[in-house]
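# A closer look at the structure
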Amino acid sequence: MADAPVKFGTPLKIPGWINFVLVPLINLVAALLISGIVILIVGDNPIVALKVLINGAFGYPEAIGYTLYYTTNFIFTGLAVAIAFHCGLFNIGAEGQAALGGLGAGLICLYLDGLPSFAVIPIAMVAAALFGAAWAYIPAYLQAKRGSHIVITTIMFNFIAASLLTYLLVEVLINPVGQSPESRAFAETTWLPYFHDLFDMPETT
């Protein structure tokens with residue numbers, strides 16, 4: 001019995017292990033190989049550089065903490081881009097949306113710091129989501145109603161967000177007793193709890 005003819009243009013169904021295991025592994029190996037070649041060109045040992053990289057990221061508890069701290073923004077920004085991409089859109093404005101989300105959380109922590117932690121922290125999270133979504137809504141509306149190119153508008157809104165934050169820090173939110181472009185310190189009631197406080201673990205020195 002002859003096989004059914006293959007229709008051109010029909011997307012092939014790729015197994016999940018290829019998308020979620022093989023492709024990331026190939027990307028990682030390719031990145032390491034290219035980096036190793038560059039390190040060799042500049043005259044250093046790529047094996048030693050890799051050991052320093054791994055130790056600096058995972059070699060001791062403080063390194064693991066900093067790795068998680070610095071990768072959190074990239075993880076959530078990547079999720080923002082991935083969700084839009086699955087909808088057929090290029091969301092290049094995740095940087096500005098994250099910045100406005102931080103502004104929303106910061107405003108709550110500055111002006112509602114009289115509330116207890118169990119109240120102000122969830123409110124700050126909701127404010128961050130609303131501020132980021134509102135910033136994304138503007139280029140989305142421009143594309144849907146005016147036909148504006150989503151890539152161009154979202155890139156532009158990254159720079160607008162940076163300028164807006166600079167203005168607010170310098171002219172509005174700046175600490176009146178200082179000269180640095182920063183707000184006053186957040187009250188301790190707005191701080192996220194430490195893990196050793198949550199689980200009643202002793203601090204390590």
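The paragraphs below set out a description of the structure included in this document. (Residues numbered from 1 in each chain as written. Predicted model: local features only at pLDDT ≥ 70, side-chain atom pairs only at ≥ 80, totals over all residues. Heavy atoms only, no water.)

A few words now on the packing of aromatic side chains. One pass over the full model with this rule turns up five aromatic pairs. Both rings, one in Tyr69 and one in Tyr70, keep their centres 4.9 Å apart while their planes meet at 80°; by these two values the pair is edge-to-face. By the burial criterion, Tyr69 is exposed, and Tyr70 matches it. With centroids separated by 5.1 Å and ring planes inclined at 65°, the aromatic side chains of Trp135 and Phe157 adopt a geometry described as edge-to-face. Of this pair, Trp135 sits in helix 5 (residues 117-146) while Phe157 is found in helix 6 (residues 150-172), placing the two residues 22 residues apart along the sequence. Of the two residues, Trp135 and Phe157, neither departs from the other in class, the shared state being buried. Taken together, the ring pairs in this structure connect Tyr66, Tyr69 and Tyr70 into an aromatic cluster. (Phe/Tyr/Trp six-rings, centres within 6.5 Å; stacked < 30°, edge-to-face > 60°. Buried < 20%, exposed > 50% of the residue type's maximum accessible area, 1.4 Å probe, protein only. Helix = DSSP H or I, 4+ residues; strand = E, 2+ residues; numbered from the N terminus.)

This part covers the environment of Ala133. By secondary structure assignment, the location of Ala133 is in helix 5. What makes Ala133 partly exposed here is its relative accessible area of 47%.

Counting across every chain of the model gives one salt bridge. The closest approach of N and O atoms between Arg184 and Asp113, which form a salt bridge, is 3.3 Å. Residue Arg184 is found in the loop between helix 6 and helix 7 (195-198), and its partner Asp113 is found in the loop between helix 4 (94-111) and helix 5; the two are separated by 71 residues along the sequence. Of the residues examined, Arg184 reaches a relative accessible area of 34% and is grouped as partly exposed. (Salt bridge = Lys/Arg side-chain N within 4 Å of Asp/Glu carboxyl O.)

The biggest cluster of nonpolar side chains holds eight residues, and these are Leu100, Leu103, Leu110, Trp135, Phe157, Ala161, Leu168 and Leu173. Elements supplying a minimum of two residues to this core: helix 4 and helix 6. Beyond its immediate stretch of four places on either side in the chain, Ala161 contacts Gly96, Leu100 and Trp135. Counting residues in each nonpolar core, the second largest holds six residues, with Ile108, Cys109, Ile121 and Ala124 among its members. (Core = buried A, V, L, I, M, F, W, Y, C linked by side-chain atoms within 4.5 Å. Contact = heavy atoms within 4.5 Å.)

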